[in-house]
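Each chain is listed here by its residues.
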Amino acid sequence: MGRRRPTRPPLQHRPLINRQQQRLQLRAPTRNRRTSSRSHTTTNDQLPAQDTSCPPVGYKLRDPYRDVWVRFHSLPESKRYADDESEYTVVLERYNTVLDELFGGADVYVITPLWTTEAEVPSSQPVTGYWQSLLVEDDPDPEFRTYCHLIAARRPWRRGCIDELLRDIADDKVAGVLITDTRMQRIHYPYDGGADVFLATSEERDRMRDRHADWCSSHLSGL
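Note that the structure is predicted; figures quoted are calculated from it, not measured.

We now examine helix H3 (residues 202–211). Every buried residue belonging to H3 is among Glu204, Arg205 and Met208, and all of these are buried. The buried residues of H3 occupy an angular sector of 100° when projected down its axis, which confines them to one face. Residues of H3 that are buried sit in contact with strand E2 (69–73), helix H1 (85–103) and strand E8 (194–198).

What follows covers the confidence of the model for the protein chain. Detailed conclusions should not be drawn from predicted coordinates in areas where pLDDT is low. Per-residue confidence for the protein chain averages 78 on the pLDDT scale, and 73% of its residues sit at or above 70. When pLDDT is averaged over each helix and strand of the protein chain, the minimum, 40, is found for strand E1 (residues 36–38) and the maximum, 98, for H1. In the model, residues 3–45 has pLDDT below 50 throughout and makes 156 contacts with residues more than four positions away in sequence or in other chains.

Glancing now at the packing of aromatic side chains. Counted according to the given criterion, the structure contains one aromatic pair. Lying over the aromatic face of Tyr88, Arg167 brings its terminal NZ or CZ to 3.7 Å of the ring centre.

Judged by nonpolar contacts, the single largest core of 28 residues is most densely connected at Tyr95, Ile179 and Val197. For this core, the secondary-structure elements that each account for two or more residues are E2, H1, strand E3 (107–116), helix H2 (163–170) and E8. No other element matches the eight residues that H1 contributes to this core. In contact with Tyr95, not counting residues within four places along its chain, are Ser74, Leu166, Ile169, Ala170, His188, Pro190, Tyr191, Gly194 and Ala195. Residues Trp131, Leu150, Ala152 and Leu178 belong to the second largest nonpolar core, which totals 19 residues.

A positive phi angle is found at Glu77, which is not glycine, with a value near 60°. Structurally, Glu77 is set in the loop between E2 and H1. Glu77 sits in the exposed class, given a relative accessible area of 82%. Despite not being glycine, Met184 has its phi angle at roughly 55°, a positive value.

Let's shift gears to the pairing of strand E6 (residues 178–181). In summary, the side chains of a regular strand alternate between the two faces of the sheet. Side chains Leu178 and Thr180 project from E6 onto one buried face, and the interleaved Ile179 and Asp181 project onto a second face that is buried too. Judged from the four bridges that link them, E3 and E6 form a sheet pairing that is antiparallel. Each residue of the ladder has a partner; that of Tyr109, found in E6, is Thr180. Where E6 meets strand E7 (residues 187–191), two bridges bridge the pair, whose relative direction is antiparallel. Residue pairing in the sheet places Ile179 in a bridge with His188 of E7.

Scoring rules and cut-offs
Residues numbered from 1 in each chain as written. Predicted model: local features only at pLDDT ≥ 70, side-chain atom pairs only at ≥ 80, totals over all residues. Heavy atoms only, no water. Buried < 20%, exposed > 50% of the residue type's maximum accessible area, 1.4 Å probe, protein only. Helix = DSSP H or I, 4+ residues; strand = E, 2+ residues; numbered from the N terminus. Arc of directions from axis to C-beta. Contact = heavy atoms within 4.5 Å. pLDDT = per-residue confidence, 0-100. Phe/Tyr/Trp six-rings, centres within 6.5 Å; stacked < 30°, edge-to-face > 60°. Lys NZ or Arg CZ within 6 Å of the ring centre and 35° of its normal. Core = buried A, V, L, I, M, F, W, Y, C linked by side-chain atoms within 4.5 Å. Pairing = 2+ DSSP bridges.

Okay, structure coming up:
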């Protein structure tokens with residue numbers, strides 16, 4: 001029996017990315033993948049250059065930047081999903097509180113991925129703010145390769161300005177979004193159940209972690 005072509009690709013600072021980076025309904029991959037950056041021209045020429053040893057993909061940031069990383073959970077007792085509006089209020093309050101501390105009064109990039117099996121952004125899905133494309137799953141057969149096309153939108157940060165997006169992330173309808181300052185020194189990677197946050201220094205990370213210690217995992221790993 002022949003191999004089936006995948007119909008649903010897996011999902012998924014110094015500047016932070018330089019110091020060692022369409023909504024979708026996909027989940028993060030569960031196995032290691034070879035990731036490379038393709039040489040496309042970005043329409044966001046103000047975005048900083050990125051170190052290809054650590055691509056701007058949320059689930060790949062924690063290991064190389066563990067010294068500036070902290071994870072916050074969205075609900076008490078590490079509950080993953082909200083069941084009612086009162087819990088959604090808590091989820092959004094925690095997201096926005098951290099985002100305010102990171103980006104209050106500044107501009108941010110909201111970076112969203114578009115996953116395809118083609119190296120180019122499909123013409124049927126025109127996008128504005130194209131940044132770059134990454135090969136996240138290589139395969140000798142081109143039909144089994146998976147590409148991540150990153151779209152970046154710059155906007156002033158205002159509390160609540162992306163609540164609809166954050167709520168979709170909390171419900172696992174959207175994944176892989178990064179919110180970053182314009183120099184990519186601080187990154188917020190929300191997921192269903194919490195957020196991974198990357199600060200400019202370990203000391204800054206420690207101060208933020210201590211301010212919101214009740215939102216952190218009790219596990220020694222911090223997960």
